[in-house]
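# Descriptive structure summary
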Amino acid sequence: MSFLGFLLLGLIAGAIAKLILPGKQGGGWIATLVLGVIGALIGGWIAGAAFGIGYEDFFSIQSWLIAIIGAIIVLVIWGFITKRTSGRRA
């Protein structure tokens, strides 16, 4: 997959992950999309290390599932970090 295709996949996966997760996550849409790209990278790395699979093609369901699950994981971790730091400011 090309770099631009991967970037687009991560951006869309971040938006889908934001829609799937209940409640309000820290950060706006830009942060969510950036975290989606990071999640797609991490998801691809975990899938490759654990199961020997990776990103086949932009239109592959496997690529989309890996990217979305990775983005959800990163958004959950980001939510824990932002909740913890926002509580300390008060």
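Within the protein one finds three helices and zero strands. Each helix and strand of the protein, placed in order from N terminus to C terminus, yields the pattern α-α-α. The buried share of the protein, taken over its 90 residues, is 37%. In the structure as shown, the protein presents an accessible area of about 5700 Å², 74% of it carried by carbon and sulfur atoms.

Attention now goes to the confidence of the model for the protein. Per-residue pLDDT for the protein has a mean of 79; in total, 82% of the residues score no lower than 70. When the elements of the protein are averaged for pLDDT, helix 3 (residues 61-89) gives the smallest value, 80, and helix 1 (residues 3-20) the largest, 84.

Nonpolar side chains collect at one region of the surface, where Ile30, Val34, Ile38, Leu41, Ile42, Trp45 and Ile46 lie side by side and expose about 700 Å² of accessible area between them. Along the polypeptide, Trp45 turns up in helix 2 (residues 29-51).

Our next topic: the nonpolar core. Among the nonpolar cores identified, the biggest contains 14 residues, and Leu9, Ala13, Ala67 and Leu75 are the most heavily contacted of them. For this core, the secondary-structure elements that each account for two or more residues are helix 1, helix 2 and helix 3. Sort the elements by how many residues they give to this core and helix 3 lands first, with six residues.

When you line up the elements, Ile72 lands in helix 3. Residues Ile72 and Ile20 lie 52 residues apart in sequence; the distance between their C-alpha atoms is 8.1 Å. Sequence-distant contacts of Ile72, that is, excluding residues within four places in its chain, are made with Ala17, Ile20 and Leu21.

Let us look at helix 2. A rise of 1.5 Å per residue sets the reference length of helix 2, with its 23 residues, at 33 Å; its end C-alpha atoms lie 31 Å apart and thus fit the reference within 8%. The set of residues buried in helix 2 consists of Thr32, Leu35, Gly36, Val37, Gly39, Ala40, Gly43, Gly44 and Ala47. Trailing helix 2 by a residue or two, Gly52 shows a phi angle of about 70°, which is positive.

As a further point, take the packing of helix 1 against helix 2. What describes two packed helices is the angle between their axes and the distance between those same axes. Between helix 1 and helix 2, whose axes approach to 7 Å, the crossing angle comes to 115°. Crossing of helix 1 over helix 2 shows right-handed handedness. In this structure, helix 1 uses Phe6, Leu7, Gly10, Leu11, Gly14, Ala15 and Lys18 to contact helix 2, whose residues at the interface are Trp29, Thr32, Leu33, Gly36, Val37, Ala40 and Leu41. Per-class residue counts for the contact of helix 1 with helix 2 are nine nonpolar, four polar and one charged.

Cut-offs and rules
Residues numbered from 1 in each chain as written. Predicted model: local features only at pLDDT ≥ 70, side-chain atom pairs only at ≥ 80, totals over all residues. Heavy atoms only, no water. Helix = DSSP H or I, 4+ residues; strand = E, 2+ residues; numbered from the N terminus. Buried < 20%, exposed > 50% of the residue type's maximum accessible area, 1.4 Å probe, protein only. Areas by Shrake-Rupley, 256 points an atom, 1.4 Å probe, with all protein chains shown as cover. pLDDT = per-residue confidence, 0-100. Patch = residues over 30% accessible without salt bridge, like charges linked within 9 Å, V, L, I, M, F, W, Y side chains within 5 Å. Salt bridge = Lys/Arg side-chain N within 4 Å of Asp/Glu carboxyl O. Core = buried A, V, L, I, M, F, W, Y, C linked by side-chain atoms within 4.5 Å. Contact = heavy atoms within 4.5 Å. Expected span 1.5 Å × (residues − 1). Axes fitted to C-alpha atoms, helices over the stretch in contact; angles between N-to-C directions. Left-handed = near helix turned anticlockwise from the far one by under 90°. Nonpolar A, V, L, I, M, F, W, Y, C, P; charged D, E, K, R; others polar.

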